[in-house]
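Residue strings, one per chain:
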Amino acid sequence: MRSHDLVPNSVTPAKALDILKKGNHRFINNLKVNRNLLEQVNETKDGQWPFAAILSCMDSRTSAELVFDQGLGDVFSIRIAGNVISENVLGSLEYATAAAGSKLIVVLGHSNCGAIKGACDHVKMGHLTTLLDRIQPAVENAKGISGEHNSSNPEFVQEVAKLNVLHTAKQIVESSPIIKGLVEEGKVGIAPGMYDIATGIVTFYESDIVMTKEQMEEVRSAQMA
């Protein structure tokens, strides 16, 4: 069985976020759901309904299905160095939400990110240069951090990682009228967060979550339960 009730209309953006939070809690406490993956292959052979789309880094330590303890068919996983936005990524997120019915977009950065460090050091290398240029707005905005403004400064690197996540989440709404419309209608939420590679903990930036007021109340109620 999946971690939710398999009824698409019963999952709100707030419920989708709660599912992921509980999944990460299981992950860090080694309480992962015992899944029959071959059975899930059979259950999903005729279709899929992932309740969330997760844009994360390609780092080998940050597999979204693992850190949120999800099974086959539960989430769309879009992975690219530095969890940055491009036209192709936006198209994938539009498909996930507008066509496949996902209720939540998560933008997930992580600590000690190589792409972030490369952007901090202004690395130039082939096609990687274009990708790292997408992180430069966060690099510029993090220059209020004391110390060296390069990868030798862990505090600076982490601030850039956070600002990059928030910038990416904002770009999704600003760059996609389709997703913006779904958010305004309350059909989709956007949740930026950070994965700590040392602990396995995902921290969501609650004040930057994009949902309706009613859905945010649902998020707060779930936290208090």
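Residues numbered from 1 in each chain as written. Predicted model: local features only at pLDDT ≥ 70, side-chain atom pairs only at ≥ 80, totals over all residues. Heavy atoms only, no water.

A. A look at the packing of aromatic side chains. Under the defined criterion, the tally for this structure stands at 2 aromatic pairs. Ring geometry for phenylalanine 68 and phenylalanine 204: centres 6.3 Å apart, planes at 25 degrees, overall stacked. Placement of the pair is phenylalanine 68 in the loop between helix H3 (64-67) and strand S2 (75-79) and phenylalanine 204 in strand S5 (residues 202-204), with a sequence separation of 136 residues. Given the relative accessible area of 0%, phenylalanine 68 is considered buried. (Phe/Tyr/Trp six-rings, centres within 6.5 Å; stacked < 30°, edge-to-face > 60°. Helix = DSSP H or I, 4+ residues; strand = E, 2+ residues; numbered from the N terminus. Buried < 20%, exposed > 50% of the residue type's maximum accessible area, 1.4 Å probe, protein only.)

B. Molecular detail of the nonpolar core. Leu93, Ile116, Ile135, Val160, Ile172 and Ile190 are the most contacted members of the largest nonpolar core, which has 43 residues in total. Apart from the residues within four sequence positions on either side, valine 160 is in contact with Ile116, Cys120, Ile135, Ala138, Val139 and Ala142. With 25 residues, the next largest nonpolar core counts Val67, Val75, Phe204 and Met211 among its residues. (Core = buried A, V, L, I, M, F, W, Y, C linked by side-chain atoms within 4.5 Å. Contact = heavy atoms within 4.5 Å.)

C. Spotlight on the state of the cysteines. One pass over the full model with this rule turns up 0 disulfides. Cysteine 113 carries a free sulfur, and the closest cysteine sulfur to it, the one in cysteine 57, is 4.0 Å from it. Not part of a disulfide, cysteine 120 finds its nearest cysteine sulfur in cysteine 113, a span of 9.3 Å. Residue cysteine 120 is classed as buried on the basis of its relative accessible area of 1%. (Disulfide = S-S within 2.5 Å.)

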